Amino acid sequence: KNQVEQSPQSLIILEGKNCTLQCNYTVSPFSNLRWYKQDTGRGPVSLTIMTFSENTKSNGRYTATLDADTKQSSLHITASQLSDSASYICVVSARNQGGKLIFGQGTELSVKP
Amino acid sequence: DAGVIQSPRHEVTEMGQEVTLRCKPISGHNSLFWYRQTMMRGLELLIYFNNNVPIDDSGMPEDRFSAKMPNASFSTLKIQPSEPRDSAVYFCASRLGQEAEKLFFGSGTQLSVL
């Protein structure tokens, strides 16, 4: 069964600190992996998209990694800001399924001053 | 571009009533998706359209749910009759091109069925 598991479920860090969020998936055949940021009361916004051949991608202070062999991804946030408080969702797409996305449950990040 | 536009932003209705959610995708995008988000189940795909044609509606919970896309710039999701368990946030999203392209979400409709 195609699944995406994220950890931790929630995380509290102090402003300025770094953090890493984890994503494990069992989706096959793999097409791409995305990280989304969802602010409270808003729709998800894409941070990164990685295909099979990419093992790292950055978007400002956000850096995503992908290990397609172990089917793991991480999202590293550097020098966190209060505005980073949000839910971070890992999403995996299976190849040849019309772009159907499998969503993780998300990690709720809270950045405190 | 204004992004994906959904209306209403909030909807409160009584059980048994008909509910219609509306979506205007980003101009030029050829795929449109309807998702439902709850605390328990996260984001679930209900249905998606490609070039206005429904491609996969396997996520639609039951016959009470229906979706239409009469043209490239408008889609509706209807629930008739609504039930309390339909309470959730409903998101519309659109995309240009194929699988690896970025998906753009609207701000969602918060539905409460009393």
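Bear in mind that the values here come from a model prediction, so they are computed numbers and not experimental data.

### Points about the overall build of chain A
Step number 1: Counting its regular elements, chain A contains zero helices and eleven strands.
Step number 2: Its helices and strands in sequence order give chain A the pattern β-β-β-β-β-β-β-β-β-β-β, from N to C terminus.
Step number 3: Relative to the 2.2 N^0.38 estimate, which gives 13 Å for 113 residues, the radius of gyration of chain A is 14 Å and therefore close to what a compact globule would have.
Step number 4: Counting only C-alpha atoms, chain A reaches 45 × 25 × 20 Å along its principal axes.
Step number 5: Classification of the 113 residues of chain A by burial places 46% in the buried group.
Step number 6: The contacts in chain A between residues at least 6 apart in sequence include a share of 55% that link residues at least 24 apart.
Step number 7: Split by element, the accessible area of chain A, about 5400 Å² in all, is 48% carbon and sulfur.
Step number 8: Computed over 11 positive and 8 negative side-chain charges, the separation of the two mean positions in chain A equals 5 Å.

### Here's the deal with the nonpolar core
Across soluble globular proteins, nonpolar side chains show a tendency to be buried alongside one another.
Step number 1: Val4(A), Tyr25(A), Leu33(A), Trp35(A), Leu75(A), Tyr88(A) and Val92(A) are the most contacted members of the largest nonpolar core, which totals 26 residues.
Step number 2: Counting only elements with at least two residues in this core, the list comes to strand 3 (19-25), strand 4 (30-38), strand 5 (45-51), strand 7 (62-67), strand 8 (72-77), strand 9 (86-94) and strand 11 (107-112) of chain A.
Step number 3: No other element matches the five residues that strand 9 of chain A contributes to this core.
Step number 4: Counting 21 residues, the second largest nonpolar core, distinct from the first, contains Phe49(B), Ala67(B), Cys92(B) and Leu111(B).

### Re the state of the cysteines
Step number 1: Inspection of every chain in the model, using the stated rule, returns two disulfides over all chains.
Step number 2: The residue that forms a disulfide with Cys23(A) is Cys90(A), at a sulfur-sulfur distance of 2.0 Å. Disulfide Cys23(A)-Cys90(A): the torsion about the S-S bond is -70 degrees, which places it as left-handed. Note that Cys23(A) is positioned in strand 3 and Cys90(A) in strand 9, a separation of 67 residues in sequence.
Step number 3: Since its relative accessible area comes to 0%, Cys90(A) is described here as buried.
Step number 4: One disulfide bridge connects Cys23(B) with Cys92(B), the sulfur atoms lying 1.9 Å from each other. Taking the sign of the torsion about the S-S bond as the criterion, the disulfide between Cys23(B) and Cys92(B), at about -70 degrees, is left-handed. Placement of the pair is Cys23(B) in strand 3 (residues 19-24) and Cys92(B) in strand 9 (residues 88-95), with a sequence separation of 69 residues. One exposure class covers both Cys23(B) and Cys92(B), and it is buried.

What counts, and at which threshold
Residues numbered from 1 in each chain as written. Chains lettered and ligands numbered in written order. Predicted model: local features only at pLDDT ≥ 70, side-chain atom pairs only at ≥ 80, totals over all residues. Heavy atoms only, no water. Helix = DSSP H or I, 4+ residues; strand = E, 2+ residues; numbered from the N terminus. Rg over C-alpha atoms; globule rule 2.2 N^0.38 Å. Buried < 20%, exposed > 50% of the residue type's maximum accessible area, 1.4 Å probe, protein only. Contact = heavy atoms within 4.5 Å. Areas by Shrake-Rupley, 256 points an atom, 1.4 Å probe, with all protein chains shown as cover. Lys, Arg positive; Asp, Glu negative; His and termini not counted. Charge placed at Lys NZ, Arg CZ, Asp CG, Glu CD. Core = buried A, V, L, I, M, F, W, Y, C linked by side-chain atoms within 4.5 Å. Disulfide = S-S within 2.5 Å.

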